[in-house]
Amino acid sequence: MKIVIVGCTHAGTAAAAQILKSHPEATVRIYERDDNISFLSCGIYLYLGGKVNHLEDMFYSSPEALAKLGACVKTQHNVLKIDAQAKTLQVVDMQTGKVFDDTYDKLIMTTGSNVAVPPIFGIDESKVLLCKTYQQAQEIYETAKDNQRIAIIGAGYIGTELSESYANTNHDVTLFQSHDQILNNYISPDMSDQAVQLLKAHGVNVLLNHQVTAFTGGDDGELVIETNQGDFTADLTIVGTGFVPNTELLRGQVEMDKHGAIIINDYVQTSNPDIYAAGDSCVVNFNPTGASAYTPLATNAVRQGALAGLNVFGNQQRYMGTQATSAMQLFNHTLATTGLTLKMAQQSHIPAERVTFDGTWRPSYMPSTDKLTIELIYNPDNRKILGAQFLSAHEVAQSANAISIAIQNGNTIDDLSFVDMLFSPNFDDPFNYLNLVAQQAVEQERQAGRDNPRITAYGDWAKQNDRDLQ
């Protein structure tokens, strides 16, 4: 069987590796328009901030590695057209200009996403840069050496992480966000307030509710940033306002959602049974809502890509879906999230309540500990967990993974209240903080008259009596 993979970053690389591992006899041809594959764009900020010395370390595979596995890898080859009915592609060799046709038995679309370029006047100014690809990262790194005042447009993951990187390299950083909070697709306003305070404490000027409307050249070669709340100046601007799926090749040939993301079934198969899709080009099955969503994350891409590599030979393994679990390190603090925030649940018309745990990650009698904030979101009707967010100077990212599993499995606040977790004063209290935040939720429901007769809420009992349990 001849399988063509279009695009080869995370999903394409995972698909090719899976195919050639399980079916080495398959013919695999990969078309990639860049001269590289498998670039971890999420690690750009680590390079810019000096935590990673070589940008090349952000590649975890190569054309040579896939070729060694048995793939025919065509880099700097751009697919111009796909005819899904005829199963043909039109391709151009970007080095020679030669255009040729190819055929396939099965097609895997892993064309990824592009930076969402906002319709702002002057967006093509030379001092306005985008941030996603290897080449863009190189340009940003070189340009920033000679520019002190850096403006970041957009406070999602990329914008927030870049702000930290430039603050750590002694740049003057201004972060513009059109919303009234940062990371609005991931955390609550309260958690955002804490993150903003961290940014400000490290010299980042955070401007919320500032909609950028234009970029113009100013005196002495500086860039003028026009917003709905006045004008600002900078030496360099980086735009990180999200991503849009790169799916034009299949427009009108397979079903897509309102974002232009390819719709897939439980086997990452499109509405055309001979075409599979994975990564930023397609939707995910978002378990907290039970609906599809567009969530461009590398974690989703590698899983979907590997599944495409399995299921292209016949639907063998179902896609489990995702909780969009993610984390970032912000000035030596861990910020982690999974599932829904309260606002997201309300927007999805899902009954939801929230409890907030403000405590420490281990007993106060230990030589040191750190403050820990957890927000737990749950459905009061069926008591199922919907999401959680964590913030601490301690590394608590793995706790987001634990809650992700709970959401995946449909666990309730009652389950989480007493689920078995280790105890040692080195690591936590007799009841782990995940137990404790769930017990808060159970108690909140009891006080609201929605008690579960199968369980007795312990409240803060464990905290007050931990010495008796040692």
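Residues numbered from 1 in each chain as written. Predicted model: local features only at pLDDT ≥ 70, side-chain atom pairs only at ≥ 80, totals over all residues. Heavy atoms only, no water.

1. Digging into the overall build of the protein
Step number 1: A tally of regular secondary structure across the protein gives 12 helices and 25 strands.
Step number 2: For the protein, the C-alpha radius of gyration of 24 Å lies close to 23 Å, the compact-globule estimate for 470 residues.
Step number 3: Within the protein, the fraction of its 470 residues that count as buried is 53%.
Step number 4: Across the protein, every contact between residues at least 6 apart in sequence was considered, and the portion connecting residues at least 24 apart equals 62%.
Step number 5: For the protein, the computed accessible surface area is about 20,700 Å², with 46% contributed by carbon and sulfur atoms.
Step number 6: The centroid of the 31 positive side-chain charges in the protein is displaced by 6 Å from the centroid of its 52 negative side-chain charges. (Helix = DSSP H or I, 4+ residues; strand = E, 2+ residues; numbered from the N terminus. Rg over C-alpha atoms; globule rule 2.2 N^0.38 Å. Buried < 20%, exposed > 50% of the residue type's maximum accessible area, 1.4 Å probe, protein only. Contact = heavy atoms within 4.5 Å. Areas by Shrake-Rupley, 256 points an atom, 1.4 Å probe, with all protein chains shown as cover. Lys, Arg positive; Asp, Glu negative; His and termini not counted. Charge placed at Lys NZ, Arg CZ, Asp CG, Glu CD.)

2. As for the sheet that holds strand 1 (residues 2-6)
Step number 1: The strand order across the open sheet built from five strands is 3-2-1-7-18, with neighbouring strands paired in parallel fashion. Every interior strand has two partners, whereas the edge strands, strand 3 (72-75) and strand 18 (275-277), have only one. Each neighbouring strand pair of the sheet contributes to a mean axis angle of 15°, computed without reference to strand direction.
Step number 2: Of the pairings in the sheet, the one linking strand 2 (residues 27-32) to strand 3 comprises four bridges and is parallel in character. (Pairing = 2+ DSSP bridges. Axes fitted to C-alpha atoms, helices over the stretch in contact; angles between N-to-C directions.)

3. Digging into the environment of asparagine 285
Step number 1: Positionally, asparagine 285 belongs in strand 19 (residues 284-286).
Step number 2: Each C-alpha atom of the pair asparagine 285 and threonine 322 lies 6.2 Å from the other, and the pair is 37 residues apart in sequence.
Step number 3: Setting aside residues no more than four positions away along its own chain, asparagine 285 makes contact with Ile264, Asn265, Asp266, Ala291, Tyr319, Gly321 and Thr322.

4. A closer look at the packing of aromatic side chains
Step number 1: This structure, assessed with the given rule, holds four aromatic pairs.
Step number 2: Between phenylalanine 176 and phenylalanine 232, the aromatic rings sit 5.4 Å apart at their centres with planes inclined by 75°, giving edge-to-face as the arrangement. Pair noted here: phenylalanine 176 is in strand 11 (residues 172-176) and phenylalanine 232 is in strand 15 (residues 230-234), with a separation of 56 residues, a long-range link.
Step number 3: Given the relative accessible area of 2%, phenylalanine 176 is considered buried. (Phe/Tyr/Trp six-rings, centres within 6.5 Å; stacked < 30°, edge-to-face > 60°.)

5. Let's talk about the pattern of salt bridges
Step number 1: The full count for this structure, using the stated rule, is 14 salt bridges.
Step number 2: A salt bridge links lysine 87 to aspartate 274; its shortest N-O distance comes to 3.0 Å. In this pair, lysine 87 sits in the loop between strand 4 (77-83) and strand 5 (88-93) while aspartate 274 sits in the loop between strand 17 (243-245) and strand 18, placing the two residues 187 residues apart along the sequence.
Step number 3: Taking the relative accessible area as the measure of exposure, lysine 87 reaches 26% and is therefore partly exposed.
Step number 4: For arginine 354, the salt bridge is made with glutamate 375, and the minimal N-O distance between the two is 3.3 Å. Of this pair, arginine 354 sits in strand 23 (residues 353-360) while glutamate 375 sits in strand 24 (residues 371-378), and the two are 21 residues apart along the sequence.
Step number 5: Residue arginine 354 is classed as partly exposed on the basis of its relative accessible area, which comes to 28%.
Step number 6: Looking at glutamate 375, the relative accessible area reads 2%, which means it is buried.
Step number 7: Three or more residues are tied together by salt bridges with common partners; here these are Lys2, Arg29 and Asp102. (Salt bridge = Lys/Arg side-chain N within 4 Å of Asp/Glu carboxyl O.)

6. Here we look at the sheet that holds strand 24
Step number 1: Strands sit in the order 21-22-25-24-23 across an open sheet of five strands; the sheet is antiparallel. On the outer flanks of this sheet lie strand 21 (326-330) and strand 23, each paired with one strand and no other. Going across the sheet, the axis of each strand differs from the next one's by a mean of 10°, ignoring polarity.
Step number 2: Where strand 22 (residues 333-339) meets strand 25 (residues 385-392), six bridges bridge the pair, whose relative direction is antiparallel. Paired with threonine 334 across the strands is serine 392, a residue of strand 25.
Step number 3: In the packing of helix 6 (residues 189-201) onto the sheet, contacts are made with strand 21, strand 22, strand 23, strand 24 and strand 25, and the angle to strand 24 comes to roughly 150°.

7. Remarks on unusual backbone geometry
Step number 1: A positive phi angle, close to 55°, is found at valine 268, a residue other than glycine.
Step number 2: Relative to the helices and strands, valine 268 resides in the loop between strand 17 and strand 18.
Step number 3: The backbone phi angle of alanine 324 is positive, close to 55°, even though this residue is not glycine.
Step number 4: Structurally, the position occupied by alanine 324 is in the loop between helix 7 (298-311) and strand 21.
Step number 5: Residue classification places alanine 324 among the buried positions, given a relative accessible area of 12%.

8. Some thoughts on the nonpolar core
Step number 1: The biggest cluster of nonpolar side chains holds 46 residues, and the ones touching the most others in it are Ile30, Ile82, Leu89, Leu107 and Met109.
Step number 2: Taken together, the elements giving at least two residues each to this core come down to strand 1, helix 1 (10-22), strand 2, strand 4, strand 5, strand 7 (106-109), strand 18 and helix 7.
Step number 3: Beyond its immediate chain neighbours, meaning those up to four positions away, methionine 109 contacts Val6, Ile82, Leu249, Leu250, Ile262, Ile275, Tyr276, Ala277, Ala278 and Ser281.
Step number 4: The next biggest cluster of nonpolar side chains, apart from the first, holds 39 residues, and it includes Leu48, Val173, Ile238 and Leu330. (Core = buried A, V, L, I, M, F, W, Y, C linked by side-chain atoms within 4.5 Å.)

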